[in-house]
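Coordinate inspection notes
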Number of protein chains: 2
Amino acid sequence: MDPQPQKLNATPDGLLLDASRLGLVTDLYELTMAAAYWSAGLADRSATFELFFRSLPASRSFMVAAGLEQALYYLMNVRFADDDIRYLRGLAIFAHAPAAWFESLCEWRFTGDVWAIPEGTIVFPNEPLLRVTAPLAEAQIVETYLLTTLAYQSSVATKAARVCTAARGRGVVDFGTRRGHGPQAGMWAARAAFIGGCVGTSNVAAAERLGIPPLGTLAHSFIMAIEDEREAFESFAAVFPDRPTFLIDTFDTLEGARNALRTLHRPGQVRLDSGDLAALSREVRRVLDEGGAPDVKIFASGDLNEYKIDALVAGGAPIDAFGVGTELTTVADAPSLGCVYKLVEVAGGSGGEAGETGRIKLSAGKRTYPGRKQVFQHLGPDGRFDRDIIGLADEQLPGERLLEQVMRDGQLVGPTPGLGSLQERCRTQLGRVSTELLAIDGHTTYPVEMSDALEAEFQRVARAKERHGGTK
Amino acid sequence: MDPQPQKLNATPDGLLLDASRLGLVTDLYELTMAAAYWSAGLADRSATFELFFRSLPASRSFMVAAGLEQALYYLMNVRFADDDIRYLRGLAIFAHAPAAWFESLCEWRFTGDVWAIPEGTIVFPNEPLLRVTAPLAEAQIVETYLLTTLAYQSSVATKAARVCTAARGRGVVDFGTRRGHGPQAGMWAARAAFIGGCVGTSNVAAAERLGIPPLGTLAHSFIMAIEDEREAFESFAAVFPDRPTFLIDTFDTLEGARNALRTLHRPGQVRLDSGDLAALSREVRRVLDEGGAPDVKIFASGDLNEYKIDALVAGGAPIDAFGVGTELTTVADAPSLGCVYKLVEVAGGSGGEAGETGRIKLSAGKRTYPGRKQVFQHLGPDGRFDRDIIGLADEQLPGERLLEQVMRDGQLVGPTPGLGSLQERCRTQLGRVSTELLAIDGHTTYPVEMSDALEAEFQRVARAKERHGGTK
């Protein structure tokens, strides 16, 4: 192997992300604000930000939290390389930024405390998925990366949970890397899809890094290259004799099923990837059964989503497992989750008073609640969740406290959980959700209450702001 | 700085992509097929694949090609590390794969020829954006990464072109990293958005790597941290005195405009990020003009897309520039482009005859044309493109030949173009497109013809297949 990657003229690093160069992976305004905080003597003032989404995407009655591990990796490793600092110094916009601020970036790292809701948990609007308490400028700089990380993986984990719900126990495999928003999206999607209930991924790198089962079949190109379909199946089975999967729709699906039957001498699988899957699966099943191969499974793929799978399963299509790609990895019906990262508390007032003071925002439609919060997930007498309560962090309220401390002073509090346990947590959580909430076309509103103490704190801060606040 | 990234328990590398570990970033079936080709003695047979999309996403009458540079970087650097090969050897599915195949992966690299349509070019369904001629197994393995790379960047470049068309010359800034499908998507989106016409990006890492202007303002949190809005503006302007941008909607937008006016002693900008942008921009403009600051610009953001910008501009809203995030980076209305990578030719027949033989697929709705192709872009007498012709690679047809050779034997033919020249190419191409085709709600069908020779070749291969082919 070459010791060094080959370089392109225009972009030497292929725009891949380097773990040692994460500092600049942020929005410019995080850095301008950090410099301005520094100049104003506020950079080191302790601040708390909370990351949450304001509303559910269409057709969703809940979300599944995911992405925390990648967020923690970032917080542990984000640094500014010398080249990064040199670049910032050279930008016209930073012409008046103090030299000491640039110097501070050399040793800069994240030193804060982080609380988070575990991955695989069912979450709702306004619930903090993550709470960061850190020196103000530090907490500010990490905003962009935290948002993209938690929002995307939560979106995919939720989509996977929906697709697996529709599949009613049939296996669902992530096939989406080729449709992802770049190759890294495919990696993260494979992880989140597994948390949400997928049984494996076609992405070999993700499978290797994460210990997920890598799954796959063969492509039309293989049949086309060899031309004779049966010969292609035999060539494939010669190398992959254990439960091979034959793609049978390259030329004629039923003839493909018959060719598979002629080749399979033990249990295997056939894959449909086009056409009317409901009708074809029945005809193929009949060919297989009549050919004495009732144990050969039918795997289906091709622009599937939770609605199509629900219809196939409800209609009794004899399909044993599904591959889902585009819709899963791009979260096609809800490709973004409007996560925000909001300042809720700063140590001391602007005048320098002691103590923590809550912060709120009053922009139209974008109100935020002040102070550090906790989410209490309440299990009803029937063993199903019946409400969440968002309260102040130190309140005692009924239900399980969802936010746990995951970092102290920039260090992990303990090891991060393995992916298997996160999938198991998600399965357990989904098992405690009402049928109405699970419905894939659902618009059920789950009760999420603000505690009395939190409401009172909002009113208190709003009144204080009115008397002394921002618009004077 | 720490010499080594800190490690998490569960996923040591944060699931970032390492340029030295790109081999496994592919679908499992690419590798199983590669092993089966090897065993069947077909791995080294020269094959040609073409990458294209079959249809346009909704509301689009054209696409802008992008992502080639990242695809080339991958092809230059894709390798299998020893750990990758060890992992594959340990998988049950590869239990019967020949030892020599695993050994071959140690020295494996991409050695093929690549032809491609330059980034920034207007493209249409069925036109090969990329054509790979390489040993069959090599050409197969690279499919997944090529698809995700070209499809995503082309989608973003197209979206950017639409947004910039709607902005009618006003600057559009990419603000989307926080909404991207992971942080790498934000990097690639910044690049593609610039090709499509954006003037800058908020993503500092992308700006640094690509030489794009980094642009940004300040966030609500800055105002909330300092509490007093005017004091916040003054703190910011102390460090960023040259044309600072003040976010004025944290508490009350018009009062925010007055506070900005009190602080700005030279040209600057105010930013609206919520509420009715059409009405607010007018009121803010009035406050600024009456306050003697006609040179202070208004920048608007907040869930914008091409339709909202079109309405704002058409309605005469006095907005000077726009920030677009979510819709741009997630390509919200068309988050995937159904690109495919199809085998069109293999050297020799399955029986081992000499010469190249075209390959076709007949699956329902998924027909492919055989042979290596070229796209001819024809300029009409009015200086506008009037049709494309897809022909065989060696045909002489009217129009500019769009596919150029970019790799020979796995090496770049020449340096890749700088991003500025790609943006310029896109601007030139868009300038030669008809107004109807440019319309953002357009459903205009641009004429794309298959040459007579290509149609004849399809018929010839189909007849040959019928006589001797895959369903015997």
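Residues numbered from 1 in each chain as written. Chains lettered and ligands numbered in written order. Predicted model: local features only at pLDDT ≥ 70, side-chain atom pairs only at ≥ 80, totals over all residues.

1. Brief notes about the confidence of the model for chain A
Residues and elements named next belong to chain A. Inclusion rule: Note on scores: pLDDT gives the predictor's confidence for each residue, bounded by 0 and 100. Any residue pair is listed as a contact if its two C-beta atoms, each placed from the backbone, are within 7 Å.
Taken as a whole, chain A shows an average pLDDT of 92; of its residues, 94% reach a score of 70 or greater. Between residues 350–354, whose pLDDT stays under 50, and residues either more than four places distant or in other chains, the model counts six contacts. As a predicted assembly, this complex carries a pTM of 0.95 together with an ipTM value of 0.95.

2. Considering the packing of helix α6 (residues 143–167) of chain B against helix α13 (residues 306–314) of chain B
Geometry of a packed helix pair, given as the angle between the helix axes and the separation of the axes. Residues and elements named next belong to chain B. This is how it is decided: Every angle, taken between N-to-C directions, lies between 0 and 180 degrees, and every axis is a line fitted to C-alpha atoms, over only the stretch in contact when it is a helix. Comment: elements are numbered from the N terminus, with helices defined as DSSP H or I runs of at least four residues and strands as E runs of at least two. Roughly parallel covers angles under 35 degrees, roughly antiparallel covers those over 145, roughly perpendicular covers 65 to 115, and oblique covers all other angles. Each residue is assigned to one of three groups, with Ala, Val, Leu, Ile, Met, Phe, Trp, Tyr, Cys and Pro labelled nonpolar, Asp, Glu, Lys and Arg labelled charged, and all others, Gly among them, labelled polar.
In contact at an axis separation of 8 Å, α6 and α13 are set at 10° when each is read in the N-to-C sense. Considered as vectors, α6 and α13 are oriented roughly parallel to each other. Contacts between α6 and α13 involve R162, V163, A166 and A167 from the former and E306, I309, D310 and V313 from the latter. The residue makeup of the contact of α6 with α13, split by class, is five nonpolar, no polar and three charged.

3. Here's the deal with the sheet that holds strand β14 (residues 373–379) of chain B
Residue and element names in this part refer to chain B. How we decide: Note: two strands are recorded as paired if DSSP finds a minimum of 2 bridges between them.
If you walk across this open sheet you meet the four strands as β16-β14-β15-β19, and the pairing is mixed. With partners counted over all chains shown, the strands left at the sheet margins are β16 (400–401) and β19 (448–450), one partner each. As defined by bridge partners, strand β15 (residues 385–392) adjoins β19 across three bridges and the pair is classed as parallel. Paired with D388 across the bridge in β19 is V448.

4. Looking at the environment of Q153 of chain B
All names here are of chain B. Along the polypeptide, Q153 turns up in helix α6. The sequence separation of Q153 and Q374 amounts to 221 residues, and the corresponding C-alpha distance is 22 Å. Excluding anything up to four places from it in sequence, Q153 contacts A66, G67, Q70, W188, R191 and A192.

5. Some points on the domain arrangement of chain A
Residue and element names in this part refer to chain A. Stated precisely, the cut-off is as follows: As used throughout, domain bounds are those supplied by an automatic or database domain assignment.
Taken domain by domain, chain A comprises domain 1 (38–80 + 109–141 + 338–468) and domain 2 (157–329). In this structure, domain 1 and domain 2 have C-alpha centres spaced 38 Å apart. Those elements giving two or more residues to the side of domain 1 that touches domain 2 turn out to be β2 (63–64) and α15 (419–431). By residue number, the principal contributor to the side of domain 1 that touches domain 2 is α15, which donates six residues.

6. A word on helix α12 (residues 277–290) of chain A
All names here are of chain A. Note the following rule: A helix is expected to reach a length of 1.5 Å times the quantity of its residues less one. Comment: burial labels come from other C-beta atoms within 10 Å of the residue's own C-beta, placed from the backbone, where a count of 20 or more is buried, 12 or fewer is exposed, and between is partly exposed. Directions are taken from the helix axis to each C-beta atom, and the arc is the one they span.
For α12, which comprises 14 residues, the first-to-last C-alpha distance of 19 Å matches the rise-based estimate of 20 Å (1.5 Å per residue) to within 8%. Taken as a whole, α12 has its buried residues at L277, L280, S281, V284, R285, V287 and L288. Buried residues of α12 fall within an arc of 160° about the axis and therefore sit on the same side. Of the exposed residues in α12, those oriented more than 90 degrees away from the buried face are A279 and E290. Positive phi appears at G292, one or two residues downstream of α12, with a value of about 80°.

7. A few points about the interface of chain B and chain A
Quoted interface sizes are often the accessible area lost when the parts come together. Contact with chain B, which involves 127 residues of that partner, is made by 128 residues of chain A. Residues that form the side of chain B that touches chain A fall into these classes: 63 nonpolar, 43 polar and 21 charged.

8. Notes on the relation of the copies chain B and chain A
Just so we agree on the cut-off: Superposing the copies works by least squares over the C-alpha atoms of residues that have pLDDT at least 70 in both of them.
When chain B is fitted onto chain A, the two copies agree to an RMSD of 0.0 Å after a turn of 180° and an axial shift of 0.0 Å. Here the two chains are linked by the operation of a two-fold rotation axis. A share of 100% of interface residues in chain B that are also interface residues in chain A marks the association as one of identical surfaces.

9. Brief notes about the sheet that holds strand β15 (residues 385–392) of chain A
All names here are of chain A. Strand order in this open sheet of four strands is β16-β14-β15-β19, and the pairing throughout is mixed. A strand with exactly one partner marks an edge of an open sheet, and here the two such strands are β16 (400–401) and β19 (448–450). The pairing of strand β14 (residues 373–379) with β15 spans seven bridges and is antiparallel. Note on β15: the bridge partner recorded for L379 is F385.

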